[in-house]
Amino acid sequence: MASLSKTATGDTLPLNRSEHGYAAIEGLAGTMVQPYLMRFNAPVDEGLVRRVLRALVTAFPRLRAALEPGLHRYHLRILPEGPLIDQMFALAFQVHHDVDLDHPEALQAWHWRALNEVLPLERGLGLRAHFAPHPQRPALIFGVPHLLADGMTMVELLRQILRGLNGLALQPMPLEAPSLLGAIAPAHGWQWPRQVWRSRRHKRAEARRLAEVHVQQLPTALGPHYSSTGLSHHSVPTPVAELRGAARALGVSLNTLLVSAIAQTFLDQAPDDARAAAVIRISVNLRKYHPASAGHGPLWGNHVGAFLVIEQDGRKPWAERVRSVDAAIREGQARYARREMCWTYLLEELTPWLGRTLVGHIGLKLKRAGRFPVISCHATSLGDVGAIHPPGARVRVSQLVPTVNSISPLPVLVELDGGLSMPMSWQLAETAQADVQAFQRRLDATLARLVDEVCAPAQAA
């Protein structure tokens, strides 16, 4: 087993505030599992896939973690290698011979079932793997609860799987479990009052603005219970090269361009409402905000924060729209760099001490009262994931569909081999599949219009 970090004790790992939240909401919304669907470019032997995934459980001990109650708080216990893990892995790895991988609806339905799997977190094993053979392009769904891994960790796990499938040794993934306080704490203790005040000032200003706008959403019918999470695969028809060209012409990143298009698509729902707003939650990788002096490693696990982008005025020209979104994203990231995000997070650091039962109860009451924060969607991006392939790889991923169980509409942006995928998950009890697919078609039209309006004048010149 890899050596444990200073914050680990023996074979146990403390939960950070985010992980405690996933543990508490488990009974309300189901396991927040992340099933990543991969189609390979060449036949892959079932036995090889099994061996590689079993080796991955050894290389990343967090996959052997069981959620365990302590005296006051929950923690993770790393289960020892041996027959116990072999027995659990035998159930975790399943082979499917009845899936028509070449039929998009059948592929999506298979993936949807994996998204809604419930994993026994308090027993272990922290993964589910579904393999479907195919003479040319077999498929693997590899799912890990968010309690154990965030999106960046999932990408690293995929990289390790591709190493194994290409005959390379898997690299040990060290265990670390530092508090997320390190990513928000100011450099000096005496700075806390000022940074807390600035953070609270921002949150109050944000709350005032949100109270004044009409948040645009997918058609949503709130109810007292969650049901299953919906899933819609989606590949953007506009080539990535054209989208990058538009982003360069406007002076922003591809990710900013895509967030701008999502915001515009929501705002197009209410063109005559001056108070209409697209409110998009943006994920932030907190790893880079831990001080170098802390001496952390890659921090595989959960190290994610978020901020809101609030966009208004559906008639803004594209240049103005992307500048506005770019400024909001930069400011959100800068607040982390300036250590001005601590007010909310300090309060969240206290929630684990309330206990899993009380936090879950609060979540249940909020759900039944319809009091969860109102947003348009939560957009997260994995970027270009081509680096998961080792140099000269024979076995490659030709299609990747990442997703995660979510209580809000969640599009995941991922680029691979010049193609852009934007699958979405959401609560089926609140929004119909047809409404999500209609939004995706409108988003496609928005992106096509964006490229045409931005690039056509430059080409004509």
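Up top is the structure these notes are about.
Residues numbered from 1 in each chain as written. Predicted model: local features only at pLDDT ≥ 70, side-chain atom pairs only at ≥ 80, totals over all residues. Heavy atoms only, no water.

The next point concerns the packing of helix α2 (residues 46–59) against helix α3 (residues 83–92). Where α2 meets α3, the axes come as close as 11 Å, and the angle between the chain directions of the two elements is 130°. By the angle between their axes, α2 is oblique relative to α3. Relative to α3, the crossing made by α2 is right-handed. Contacts between α2 and α3 involve Arg50, Leu53, Arg54 and Val57 from the first element and Ile85, Asp86 and Phe89 from the second. Considered class by class, the residues forming the contact of α2 with α3 number 4 nonpolar, no polar and 3 charged. (Axes fitted to C-alpha atoms, helices over the stretch in contact; angles between N-to-C directions. Helix = DSSP H or I, 4+ residues; strand = E, 2+ residues; numbered from the N terminus. Parallel < 35°, antiparallel > 145°, perpendicular 65-115°, else oblique. Left-handed = near helix turned anticlockwise from the far one by under 90°. Contact = heavy atoms within 4.5 Å. Nonpolar A, V, L, I, M, F, W, Y, C, P; charged D, E, K, R; others polar.)

Another aspect to go through is the nonpolar core. The biggest cluster of nonpolar side chains holds 60 residues, and the ones touching the most others in it are Leu53, Phe142, Val144, Leu157 and Leu400. By residue number, the principal contributor to this core is helix α5 (residues 151–165), which donates 7 residues. (Core = buried A, V, L, I, M, F, W, Y, C linked by side-chain atoms within 4.5 Å. Buried < 20%, exposed > 50% of the residue type's maximum accessible area, 1.4 Å probe, protein only.)

This part covers the pairing of strand β16 (residues 424–427). In summary, the side chains of a regular strand alternate between the two faces of the sheet. Burial of the side chains of β16 extends over both faces: Met424 and Trp426 are buried on one face and Ser425 and Gln427 on the other. The pairing of strand β14 (residues 410–416) with β16 spans 2 bridges and is antiparallel. Paired with Leu410 across the bridge in β16 is Ser425. (Pairing = 2+ DSSP bridges.)

It is at 9 Å that the axes of helix α8 (residues 254–267) and helix α9 (residues 318–337) come closest, and there the two elements cross at 115°. Taken together, the axes of α8 and α9 are roughly perpendicular relative to one another. Between α8 and α9 lies a crossing whose hand is right-handed. Only Trp318, Arg321, Val322, Val325, Asp326 and Ile329 of α9 make contact with α8, whose side of the interface consists of Thr256, Leu257, Val259, Ser260, Ala261, Gln264 and Leu267. Residues belonging to the contact of α8 with α9 are distributed by class as follows: 8 nonpolar, 3 polar and 2 charged.

The topology assignment puts His378 in strand β12 (residues 377–384). Contact partners of His378, with chain neighbours within four places excluded, come to Arg281, Ile282, Ser283, Pro409, Leu410 and Pro411.

Side chains that differ in charge, positive against negative, can pair when their charged atoms come close. Applying the stated criterion across every chain, the model contains 27 salt bridges. The residue Asp272 makes a salt bridge to Arg315 at a minimum N-O spacing of 3.0 Å. Taken as a pair, Asp272 in the loop between α8 and β10 (276–285) and Arg315 in the loop between β11 (304–312) and α9 lie far apart in primary sequence, 43 residues in all. When its relative accessible area of 67% is taken as the criterion, Asp272 is described as exposed. With a relative accessible area of 60%, Arg315 lands in the exposed category. One salt bridge in this structure joins Glu453 and Arg449, with 3.8 Å as the shortest N-O distance. Taken together, the residues span about one helical turn, with Glu453 and Arg449 both in helix α12 (residues 433–460) at a distance of 4 residues. Each of the salt bridges in this network shares a partner with another, and the network as a whole consists of Arg198, Glu331, Arg335, Arg338 and Glu340. (Salt bridge = Lys/Arg side-chain N within 4 Å of Asp/Glu carboxyl O.)

As a further point, take unusual backbone geometry. Residues Gly124 and Leu125 are joined by a peptide bond in cis, for which omega reads 5°. Summarising the element assignment, Leu125 is placed in the loop between α4 (104–115) and β6 (128–132). Look at Asp417: it is not a glycine, yet its phi comes out positive at around 50°. Tracing the chain through its elements places Asp417 in the loop between β14 and β15 (419–421). The exposure class assigned to Asp417 is exposed, which follows from its relative accessible area of 54%.

Turning our eyes to something else, we now look at the packing of aromatic side chains. Applying the stated rule across the entire model yields 4 aromatic pairs. Their ring planes at 15° and their centres at 6.0 Å tell us that Phe89 and Phe93 sit as a pair that is stacked. With centroids separated by 6.2 Å and ring planes inclined at 35°, the aromatic side chains of Tyr336 and Tyr345 adopt a geometry described as tilted. Like Tyr336, the residue Tyr345 is buried in the burial classification. For the cation-ring pair, Lys367 lies above Tyr226, with the distance from its terminal atom to the ring centre recorded as 4.2 Å. (Phe/Tyr/Trp six-rings, centres within 6.5 Å; stacked < 30°, edge-to-face > 60°. Lys NZ or Arg CZ within 6 Å of the ring centre and 35° of its normal.)

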